[in-house]
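So you can see what is in the structure, the chains are spelled out below.
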Amino acid sequence: MEIRVAKWAGFCFGVKRAIEIAQETIKKRAGPVYSLGPLIHNDQVVEKLTQLGIKKIDFLEQVEDNGTLIIRSHGVGPEILNKAEKYRLKVVDATCPYVRKTQQLASDYALKGVQVLIVGSREHPEVKGLVGWTNGQALVVERPEEVENLPELTKIAVLAQTTQSLANFQAVVNLLKQKAGTQPEINNTICNATRLRQQTASELAREVGIMIVVGGKNSANTKELFYLCQSTGTPTYQVETAQELKKLWFKNINTAGLTAGASTPHWILEEVKNKMKELAEINEGNLNENLGENENLGENEVLGENEVLVENQTIFETADKNGELAENESGFKMGLNENAAVKPLIQGEIVSGTIVQVGTNEVMVDIGAKSEGIIPLRELSSFPNAISPCEVVQAGDKIDVMIIKAEDNEGKLILSKEKADTEKAWATLEELYHNGECVEGVVREVVKGGLLVDVGIRGFLPASLVEQGYTEDLNKYLETTIKAKIVELNRNHRKVILSRKSFLEEEMAVKRQELFANLEEGQRVKGIVRRLTNFGAFIDLGGVDGLLHISELAWYRVNHPSELLNTDEEIEVVILRVDKENGKISLSLKQLMPNPWDNITEKYPVDGIVKAKVTRLAPFGAFVQLEPGVEGLVHISHLANYHIASPDEVVQNGDEIDVKVLSVNPAEKRMRLSLREANQETKNRGRQKYSEPQFTSQNTENNHKVTIGDMVGDMFEENEEQYK
Ligand code: SF4
């Protein structure tokens, strides 16, 4: 017996996604993880998920504190979300994006005051959720015959349960259109995965002698598949597992068809297929019969529960006879739309589209095709781990995408923004590279040896090329925008090597040129003290360093620049020289201060007596400072009025003394000073000032009047005697 499997069968995108989210949640969460109702309509898979730790609950009241609630692919109404918040549950939303989109439509219509009518099963969780999004106002119609009992409605918006049979939906819509006074706005929200499963199952059923539909007994989409296959007139059976297959079904069958609902995993489908083969071989006598419980039945076996159910089901029209239903009057793209003019999809083509919905793991885009396309997270940007979808795009954005698969094995249109961006980025990068221009990008990751930069694609910036010097902390660049030169570009190897150092060097060179062009001698400029050395300080004038020599710091002697300057402080300097050829700039700070020698003869007239401080002793005399920047020499012969061999016999470093100005030479900045004459002058003045007798000395016999001048003069003479 030949077994043919429908091209579209088993797990759909939404179910697979929900299971992946559930597995991820279990890995990450510390507390209990719940699903309200079975996560998917397949007992075998639910059993496995239970073993992993996902607890199925029927009411939110059953939860414990700190729990996590996974919203299954069917979605829920807002009342459940509110309740979850009340019970302080962390919600992980695994609602299928197609269901979410339908919820959004229902909510929008309800907010606009339009009556919503849902074609679907009243008891199905998806439909209950949709009703919730209309604040409980939506009407639900399960069968066409219910249309005549509907109240009189003028304007209604019709939506479909995503797993509805197209035939049933169309039958309801046709009757609504005929209903007097009713203006239905049709939204065919049957999802593409459902459409393809129904379409290919129906086609296959016409070609085979028997049709097996695998799926959970409570799975709506599996039931729809079953009805469709059965409606072709081919004997059709629905099973959940391989054990339910019966040998009798395959007697004298040459070709058997196999399909599965959207909640059926691949491994169950495989098990059923293998069992079908085995039973066919037993029938053909090629294999010894090893009768199991079910196989013990003979030709006249009593039909099982499932089979009785099959016999009694209502048979609907097949979908392929009713293509005109998909007129999609509201422009909603989800679902079958056979007659609408749609763009042909070419793999690898870059097309424009509009973001319809942004989810956590994928983004839906309308590119004008029969159904909306999906951009999986990994296809959204070059850095899927570093950024969330909503950081990249927003609903309503117009973007370019590349068509990766017109229809993948789940019937989805798969798109890539990353690949479209990459194509554009390569073109831009090649142009920049050949023109020697810089590229701008955001640092997304710190990796071993450097940084990964988003320049439309991933660019690598080696650590040694991040700065002009060594950089210890690369993390400070994370999420910052940088400019860099492209130093290597290889499209075949997808290699982009960047150098920020080269960019900085170029930037510096440009700044230098600009600065040199604008700097003039004598100009006052501001700069930052960058480095202090023994011979001066380097001042950053905005990209170029100038040298402030130690001799240009002040008018007086400075031993080290740190006496006056601190690194990183801003100072004002004057430009002494600009050597454009050698790129050198000499600066002065002291030129901005008054020169103490400017009016020196007025400040220190010849013969004047002034205070001074001994700063240095030499064999030929003592250097004294009159004020910062003004020093003079007291020659050894002018230190005392008697002979001395060395200046330290009279003065020491740091002594404060009175000196007489003998001569001033402003041109050579020289002053000759005399301590000896200052002393003599002081003595003379003392004598003069106090020349009148003040009192009679008690020691004088002849009542000789003694003056203070005499006493001061005597005092000097006594001192002089001591030094002789
Ligand atoms: S059947 Fe369609 S709507 Fe439902 S989960 Fe699968 S992909 Fe989503």
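Residues numbered from 1 in each chain as written. Predicted model: local features only at pLDDT ≥ 70, side-chain atom pairs only at ≥ 80, totals over all residues. Heavy atoms only, no water.

Engineer: Quick question: what am I supposed to make of the packing of aromatic side chains here?
Structural biologist: Centre-to-centre distance and the angle between the planes together describe a pair of aromatic rings. Scanning the model with the defined rule gives six aromatic pairs in all. Residues F620 and F623 carry aromatic rings whose centres are separated by 5.9 Å and whose planes lie at 90° to one another, so their mutual orientation is edge-to-face. Among the residues examined, F620 registers a relative accessible area of 39% and is labelled partly exposed. Take F623: its relative accessible area is 17%, and that puts it in the buried class. In textbook terms, an aromatic cluster arises when at least three aromatic residues are bridged by ring pairs, as seen for Y237, W249 and F250. The lysine or arginine in question, K48, covers the ring of W267, its NZ or CZ lying 4.8 Å from the ring centre. The ring of F623 has R616 sitting right over it, with the charged end atom 4.2 Å from the ring centre. (Phe/Tyr/Trp six-rings, centres within 6.5 Å; stacked < 30°, edge-to-face > 60°. Buried < 20%, exposed > 50% of the residue type's maximum accessible area, 1.4 Å probe, protein only. Lys NZ or Arg CZ within 6 Å of the ring centre and 35° of its normal.)

Engineer: Before we go on, may I ask you to explain the pairing of strand β4 (residues 68-71) in this structure?
Structural biologist: The two faces of a sheet get side chains in turn, since along a regular strand they alternate between them. Residues T68 and I70 of β4 are buried on one face, and the alternating residues L69 and I71, pointing to the opposite face, are buried as well. Two elements, strand β2 (residues 33-36) and β4, share three bridges in a ladder whose sense is parallel. For V33, the partnering residue across the bridge sits in β4 and is T68. Chirality of the crossover, the property in question, places the unit of β4, helix α3 (residues 78-86) and strand β5 (residues 90-93) among those that are right-handed. (Helix = DSSP H or I, 4+ residues; strand = E, 2+ residues; numbered from the N terminus. Pairing = 2+ DSSP bridges. Right-handed = clockwise from strand over helix to strand, strands pointing away.)

Engineer: Help me out: how do you make sense of the sheet that holds strand β3 (residues 54-57) in this one?
Structural biologist: Sheet strands associate in pairs through backbone hydrogen bonding, adopting either a parallel or an antiparallel arrangement. Ordered by their spatial adjacency, four strands build an open sheet running β3-β2-β4-β5, and the pairing between neighbours is parallel. Edge strands, defined here as strands with exactly one partner in the open sheet, are β3 and β5. If you compare each strand with its neighbour and ignore which way they point, the axes differ by 30° on average. (Axes fitted to C-alpha atoms, helices over the stretch in contact; angles between N-to-C directions.)

Engineer: What should I look at first to understand the environment of E126 in this one?
Structural biologist: Take E126: it is sitting in helix α5 (residues 125-132). Taking C-alpha positions, E126 is 5.9 Å from G75, a pair spaced 51 residues apart along the chain. What E126 contacts, discounting residues up to four positions off in sequence, is H74, V99, A160, Q161 and T162. Within the local environment of E126, its side chain forms a polar contact with the side chain of T162, the two groups lying 2.6 Å apart. (Contact = heavy atoms within 4.5 Å. Polar contact = N/O pair within 3.5 Å; in protein donor to acceptor, adjacent residues only side chain to side chain.)

Engineer: When you look at the side chain of S73 in this model, what are you seeing that I'm missing?
Structural biologist: Mapped onto the elements of the fold, S73 is located in the loop between β4 and α3. With relative accessibility at 7%, the residue S73 sits in the buried group. Non-local contacts of S73, meaning those with residues more than four positions away in its chain, are made with G14, V15, A18, A94, T95, C96 and V99.

Engineer: I keep staring at the pairing of strand β11 (residues 236-239) and nothing clicks. Help me out?
Structural biologist: Here β11 shows a buried face lined by T236 and Q238 and a second buried face lined by Y237 and V239. Two strands pair when backbone bridges link them, and strand β10 (residues 210-214) and β11 are joined in this way by four bridges, in the parallel orientation. Looking across to β11, one finds that I212 is bridged to Y237. Assessed by its sense of winding, the connection that carries the chain from β10 through helix α8 (residues 220-231) to β11 is right-handed.

Engineer: Could you clarify how one ought to interpret the site of the ligand in this entry?
Structural biologist: The full set of residues close to the ligand is C12, G14, V15, C96, Y98, V99, T162, T163, C191, A193 and T194. According to the grid-proximity analysis, the pocket containing the ligand is the largest cavity. Those elements giving two or more residues to the shell around the ligand turn out to be α1 (13-28), α4 (97-111) and α7 (192-207). When the residues that make up the shell around the ligand are grouped by side-chain class, the tally is seven nonpolar, four polar and no charged. (Near = heavy atom within 4 Å. 1 Å grid on protein atoms, 1.4 Å probe; cavity = no way out; pocket = protein on both sides within 12 Å on 5 of 7 lines; lining within 4 Å. Sits in = over half its atoms within 2 Å of the grid points. Nonpolar A, V, L, I, M, F, W, Y, C, P; charged D, E, K, R; others polar.)

Engineer: Looking at this model, I keep getting lost on the packing of α7 against α8. Mind explaining?
Structural biologist: Packed helices, taken two at a time, are described by the angle their axes make and the gap between the axes. Remark: α7 packs on α8, axes separated minimally by 8 Å, with the N-to-C direction vectors making an angle of 30°. With respect to their mutual orientation, α7 and α8 come out roughly parallel. The handedness of the crossing between α7 and α8 comes out as right-handed. Contacts between α7 and α8 pair R197, Q198, A201 and A205 from the former with E224, L225, L228 and C229 from the latter. Of the residues contributing to the contact of α7 with α8, the split by class is five nonpolar, one polar and two charged. (Parallel < 35°, antiparallel > 145°, perpendicular 65-115°, else oblique. Left-handed = near helix turned anticlockwise from the far one by under 90°.)

Engineer: Explain the side chain of T471 here, please?
Structural biologist: Inspection of the secondary structure puts T471 in the loop between β20 (458-462) and β21 (481-490). Given a relative accessible area of 8%, T471 falls into the buried group. For T471, the contacting residues outside a window of four places in its chain are A463, V466, K476 and Y477.

Engineer: For this particular structure, what's the right way to read the nonpolar core?
Structural biologist: Most often, soluble globular proteins have nonpolar side chains that are buried together. Residues I212, V214, L245, V272 and M276 are the most contacted members of the largest nonpolar core, which totals 32 residues. Sorting the residues of this core by element identifies α7, β10, α8, β11, β12 (255-260) and α9 (266-283) as the ones contributing at least two each. Ignoring sequence-local partners within four residues, the contact set of M276 consists of M1, I3, I212, L245, F250, A256, G257 and L258. (Core = buried A, V, L, I, M, F, W, Y, C linked by side-chain atoms within 4.5 Å.)

Worth remembering: the numbers are spatial, not functional.
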